[in-house]
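Summary of the model geometry
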Amino acid sequence: MSDNSDGSAYWSANLRLVGISLVIWALASFGFAILLRPLVAGIEVGGTDLGFWFAQQGSILVFLVLIFFYAWRMNAIDREHGVDEE
């Protein structure tokens, strides 16, 4: 990262990734578990409705997947902009 345009492109990619991850996390934890629960109440997962499943387990699993996706994608962004650790 030698000049300022590379720095702004790096942070733009970083903020875009964080924003997308937060939207997915909010949709899974707040959206499906609370706001959209009446819509997904008829779908059963593990003997209970999908809204309850997202409130209890689904949002945690989505969060764990997002952690690994963020780490993988951030490593790729670091390599693209020449700031990787290797």
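Higher on the page you've got the structure.
Residues numbered from 1 in each chain as written. Predicted model: local features only at pLDDT ≥ 70, side-chain atom pairs only at ≥ 80, totals over all residues. Heavy atoms only, no water.

Another point: the overall build of the chain. Check the secondary structure of the chain and you find 3 helices and 2 strands. The order of helices and strands in the chain, counted from the N terminus, is α-α-β-β-α. Its C-alpha radius of gyration of 17 Å places the chain more than 25% over the 12 Å reference for a compact globule of 86 residues. When its C-alpha atoms are laid out on the principal axes, the chain stretches across 55 × 25 × 15 Å. (Helix = DSSP H or I, 4+ residues; strand = E, 2+ residues; numbered from the N terminus. Rg over C-alpha atoms; globule rule 2.2 N^0.38 Å.)

If you trace the backbone, S59 turns up in helix α3 (residues 50-80). For S59, the contacting residues outside a window of four places in its chain are A28, S29 and F54. (Contact = heavy atoms within 4.5 Å.)

Our focus in this paragraph is the environment of I20. Considering the arrangement of structural elements, one finds I20 in helix α1 (residues 4-35). Measuring from C-alpha to C-alpha, the distance between I20 and P38 comes to 25 Å, with 18 residues separating the pair along the chain.

Our focus in this paragraph is the packing of aromatic side chains. This model, assessed by the stated rule, comprises 3 aromatic pairs. Aromatic side chains F69 and W72 sit 5.9 Å apart centroid to centroid with 45 degrees between the ring planes, which places their arrangement in the tilted category. A residue pair is termed a helical-turn pair when its members lie 3 or 4 positions apart in one helix, as F69 and W72 do in helix α3 at 3 residues. On the basis of relative accessible area, W72 is assigned to the exposed category, the value being 56%. (Phe/Tyr/Trp six-rings, centres within 6.5 Å; stacked < 30°, edge-to-face > 60°. Buried < 20%, exposed > 50% of the residue type's maximum accessible area, 1.4 Å probe, protein only.)

On the surface, L22, W25, I60, L61, F63, L64, I67 and F68 cluster together to form a nonpolar patch covering roughly 800 Å² of accessible area. Those elements giving two or more residues to the nonpolar patch turn out to be α1 and α3. With 6 residues, α3 is the single largest residue contributor to the nonpolar patch. Within the element layout of this structure, L64 appears in helix α3. (Patch = residues over 30% accessible without salt bridge, like charges linked within 9 Å, V, L, I, M, F, W, Y side chains within 5 Å. Areas by Shrake-Rupley, 256 points an atom, 1.4 Å probe, with all protein chains shown as cover. Salt bridge = Lys/Arg side-chain N within 4 Å of Asp/Glu carboxyl O.)

Before going further, it helps to spend a moment on the environment of G7. Looking at the element boundaries, G7 is found in helix α1. In the structure, G7 is positioned 74 residues away from H81 in sequence and 8.4 Å away in space, judged by C-alpha atoms.

Bringing α3 into the picture now. With 31 residues, α3 should cover 45 Å at 1.5 Å per step; its first-to-last C-alpha distance of 39 Å lies more than 12% under that length. Largest kink in α3: about 55 degrees, centred on Q57. Within α3 the residues assigned to the buried category are L50, G51, F54, G58, S59, L66, M74, A76, I77 and D78. Once α3 finishes, G82 follows within two positions and takes phi at roughly 75 degrees, a positive value. (Expected span 1.5 Å × (residues − 1). Bend = angle between axes of the 7 residues up to and from the residue.)

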